[in-house]
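# Coordinate analysis (summary)
Read off the chains here:
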Amino acid sequence: MNRKIKENIIKYIFFAFALVSIIVLGLIVLSLFREGMPIFKLVSLSDFLLGKDWYPTSDPASFGIFSLIVGSVIVTFLAIFIAVPLGVLSAIYIAEIAPASIKEIFKSVIELLAGIPSVVLGFFGMVIIAPWMQETFDLPTGLNIINASVILAIMAIPTISSISEDALYAVPNEFKEASYALGATRFETIAKVIVPSALSGISTAVILGISRAIGETMVVLMVAGGAAAIPGSIFDSVRPMPASIAAEMGEAPFGGAHYHSLFAIGIVLFFLTLAFNLIADYLSHKFHQSGSATL
Amino acid sequence: MNESINSSMKWRYFKQTLFFGIVRLSFLIIALALGGLLLYIVINGIGVINLDFITTMPTDSMTRGGIMPAIVGTIYLTVGAILIGLPLGVASAIYLTEYAVQGRMIRIIKIGINCLAGVPSVVFGLFGLGLFVVMLKFGSSILAGSLTLGFLILPTIIGAAEEALKAVPQTFREASLALGVSKWQTIFRIVLPNALPGILTGSILGVGRAAGETAPIMFTAAAFFTAKLPESIFGEVMALPYHIYVLATAGTHIEETRPMQFGTVLVLIAVVLGIDLLAIIIRSRMRRNKRW
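Residues numbered from 1 in each chain as written. Chains lettered and ligands numbered in written order. Predicted model: local features only at pLDDT ≥ 70, side-chain atom pairs only at ≥ 80, totals over all residues.

Across its full length, chain B holds 11 helices and two strands. Scanning chain B from its N terminus toward the C terminus, one meets helices and strands in the order α-α-β-β-α-α-α-α-α-α-α-α-α. Seen along its three principal axes, the alpha-carbon backbone of chain B occupies a region of about 80 × 70 × 35 Å. Burial analysis of chain B (292 residues in total) assigns 48% to the buried set. Sequence separation of 24 or more characterises 74% of the internal contacts of chain B that already satisfy a separation of 6 or more. (Helix = DSSP H or I, 4+ residues; strand = E, 2+ residues; numbered from the N terminus. Buried ≥ 20, exposed ≤ 12 C-beta atoms within 10 Å, placed from the backbone. Contact = placed C-beta atoms within 7 Å.)

Across its full length, chain A carries 13 helices and two strands. Taken across its 295 residues, chain A has 50% of its residues classed as buried. By sequence separation, contacts in chain A at least 24 residues apart represent 73% of the contacts at least 6 residues apart.

Judged by nonpolar contacts, the single largest core of 185 residues is most densely connected at F123, L152, A156, V219 and V223 of chain A. Among all residues touching V219 of chain A, those that are not within four sequence positions of it are S118, L121, G122, G125, A148, I151, L152 and M155 of chain A. (Core = buried A, V, L, I, M, F, W, Y, C linked by C-beta atoms within 7 Å.)

Further remarks concern helix α4 (residues 66–97) of chain A. Here α4 of chain A spans 45 Å end to end across 32 residues, near enough to the 46 Å set by a 1.5 Å rise per residue. Along α4 of chain A, the largest kink reaches about 30 degrees and is centred on A83 of chain A; proline P85 of chain A follows within four residues of it. (Expected span 1.5 Å × (residues − 1). Bend = angle between axes of the 7 residues up to and from the residue.)

Further remarks concern the interface of chain B and chain A. Quoted interface sizes are often the accessible area lost when the parts come together. Contact residues are listed per partner, giving 69 residues for chain B and 67 residues for chain A. Per element, the largest residue contribution to the side of chain B that touches chain A is 18 residues, and it comes from helix α1 (residues 2–45) of chain B. For the side of chain B that touches chain A, the residue count by class is 49 nonpolar, 15 polar and five charged. (Nonpolar A, V, L, I, M, F, W, Y, C, P; charged D, E, K, R; others polar.)

Let's shift gears to the packing of helix α6 (residues 142–167) of chain B against helix α8 (residues 183–212) of chain B. All names here are of chain B. Axis separation between α6 and α8 bottoms out at 8 Å; the angle between their running directions is 150 degrees. Read as a crossing pair, α6 and α8 show a hand that is right-handed. Contacts from L149, L152, I153, T156, I157, A160, A161, E163, A164, L165 and A167 in α6 reach V191, A195, G198, I199, G202, S203, L205, G206, R209 and A210 in α8. A breakdown of the residues in the contact of α6 with α8 according to their chemical character gives 14 nonpolar, five polar and two charged. (Axes fitted to C-alpha atoms, helices over the stretch in contact; angles between N-to-C directions. Left-handed = near helix turned anticlockwise from the far one by under 90°.)

Now for the environment of S233 of chain A. By secondary structure assignment, the location of S233 of chain A is in the loop between α11 (218–223) and α12 (241–248). In this structure, the C-alpha to C-alpha distance between S233 of chain A and N144 of chain A, residues 89 residues apart in sequence, is 9.5 Å.

This next bit is on the packing of helix α3 (residues 68–99) of chain B against α6 of chain B. Residue and element names in this part refer to chain B. Put simply, α3 and α6 touch, their axes get as near as 5 Å, and they point 35 degrees apart. In the packing of α3 onto α6, the handedness of the crossing is right-handed. For the contact of α3 with α6, a count of residues per class yields 19 nonpolar, eight polar and three charged.

For the rest of this paragraph, the subject is helix α10 (residues 199–215) of chain A. Helical periodicity: at 3.6 residues per turn, an α-helix aligns residues three or four positions apart in one direction. A rise of 1.5 Å per residue sets the reference length of α10 of chain A, with its 17 residues, at 24 Å; its end C-alpha atoms lie 24 Å apart and thus fit the reference within 8%. Of all 17 residues that make up α10 of chain A, 14 are buried, and the element is covered over most of its length.

Close inspection of predicted coordinates is inappropriate for parts of the model with low pLDDT. Overall, the predicted model of chain A reaches an average pLDDT of 88, with 97% of residues at or above 70. Confidence over residues 291–295 of chain A falls short of pLDDT 50; this stretch has 16 contacts with residues more than four positions distant or in other chains. (pLDDT = per-residue confidence, 0-100.)

A word on the environment of E236 of chain B. Residue and element names in this part refer to chain B. Locating E236 in the fold gives a position in the loop between α9 (215–218) and α10 (240–249). In sequence terms E236 and L143 are 93 residues apart; their C-alpha atoms lie 9.0 Å from each other. For E236, the residues in contact, after removing those within four places along its chain, are S140, S141, A221, A223, T226 and P230.

Take unusual backbone geometry next. Despite not being glycine, D138 of chain A shows a phi value in the positive range, around 55 degrees. Within the secondary structure layout, D138 of chain A lies in the loop between α6 (118–136) and α7 (145–169). When the 7 C-beta atoms within 10 Å are taken as the criterion, D138 of chain A is described as exposed. One non-glycine residue, K137 of chain B, adopts positive backbone phi at about 60 degrees. Note on placement: K137 of chain B falls in the loop between α5 (121–135) and α6.

We now examine the environment of D281 of chain A. Mapped onto the fold, D281 of chain A is located in helix α13 (residues 257–286). Given 20 C-beta atoms within a 10 Å radius, D281 of chain A is considered buried. Sequence-distant contacts of D281 of chain A, defined by excluding residues within four places in its chain, comprise I111 and N114 of chain B.

Moving on, we come to the confidence of the model for chain B. Looking at chain B, the pLDDT average stands at 86 and 95% of residues meet or exceed 70. In the predicted assembly, ipTM is 0.89 and pTM is 0.89.

Written out as structure tokens, the structure reads:
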């Protein structure tokens, strides 16, 4: 009896630890709202989200983040446009085509790429790609949408590649064997059997890649150029939401409207990525792969 | 007849060759991007790296001297993050693998972990600022930064620990329970020791992440410049990633300090990728020499 009580107590202690992630999520929401909500006494939610003027330090100040949202969306969209083909194809290469003996090494390449700190990639884009781009295309600045997108794509590729790879591995071997037995080539098997079976995992990968790119900070802070205006071309500068928060928090007076507005941008960013993560989670469970899928 | 079958086969194999070519090319692009980046940084950074660079304070408003305080600061923050993330993560994983019964509660916890993993790093920074720096009044400090980074790496550690715990064969648990050992003793004496190497290597990847993050420490721990090393956990620190950002964007002598910037990047890369590479090597060794 005594032992049973003890066992139960221990179980509940571990249960409490398991709740930590949920509690931290709750605390994130709490601290964002506590510091961010006061801005909505000054501007309405629709003016905040749809207002085109971001002049947080002018007098009178203007807190419209529409151009920041546009900046985030454009940079993310372009990055995903580059990262999805590269990420998915490299996953196919590693999972299905690469010789087994060097597979582990190839996987490490993707893992090492994932390990490169974002500030290093931002530095690379700023110091190497930007001057080159400026000179080659005769631009006013190399710190622009396309540069930031390329660097962001490099950041998103490992996420997309490694999750897609897991999805490809999870396709049961019988599917492959059946396809070969019908006389299909390796290419036909990959294109018509393996990839379609892994599609839910691959879409999960893409959505998590998007979520990663939207929230990435240092790259867009250092490489996107920082102009808070709606861009006219992909060679213009933008100021995505994370860049605005990171660049301005240091100079925003504590407890002022500017300070609160940056937290409010954080709220938008948090719920945007939360939505993408929930969609990814839903997809991977709703369309659970047949066989020994682990996603 | 035969001819048309032949030509259709040729066409099918041609498509395959073309596709394999494209697939190889895309992997090659990624590998070259990684290789090119590393090579460029090594070539440009290796020149400034010497013992002085690593062991002395910056001087002349950070245009000369070393980066010692940034290295020390990054070590403090990373160790702090591990001290917070590792116990929480492992305990959490123990519940999920050893105690939990599949059901709605577990589903919610798992969704929570996934969502936490997806929170942008800058939002973690805001969270740390709002909760630890402002609400709990820790100020911008090692403590606030370590807590923020510790929660940031929590999902990574939970994932690694879960995988390692699941890899311990069920028969180990059964054998222990059959001897009359209680469940928690089985976990502490049998399951955990066997899972420990896996937990540690998996967590190393989290360490690399904590060492390289910039946005979460910008508002919670990192200082532009400190004249001496911090004396307590309530002190601000310099950190390698933030130092790179500062030198590359905010200095008055950005062009002049370029070699120092490359040197700092090289040190950071060496630390982070060194840690990651270690984990990858140990893991593949372990997979090869599995005892069960």
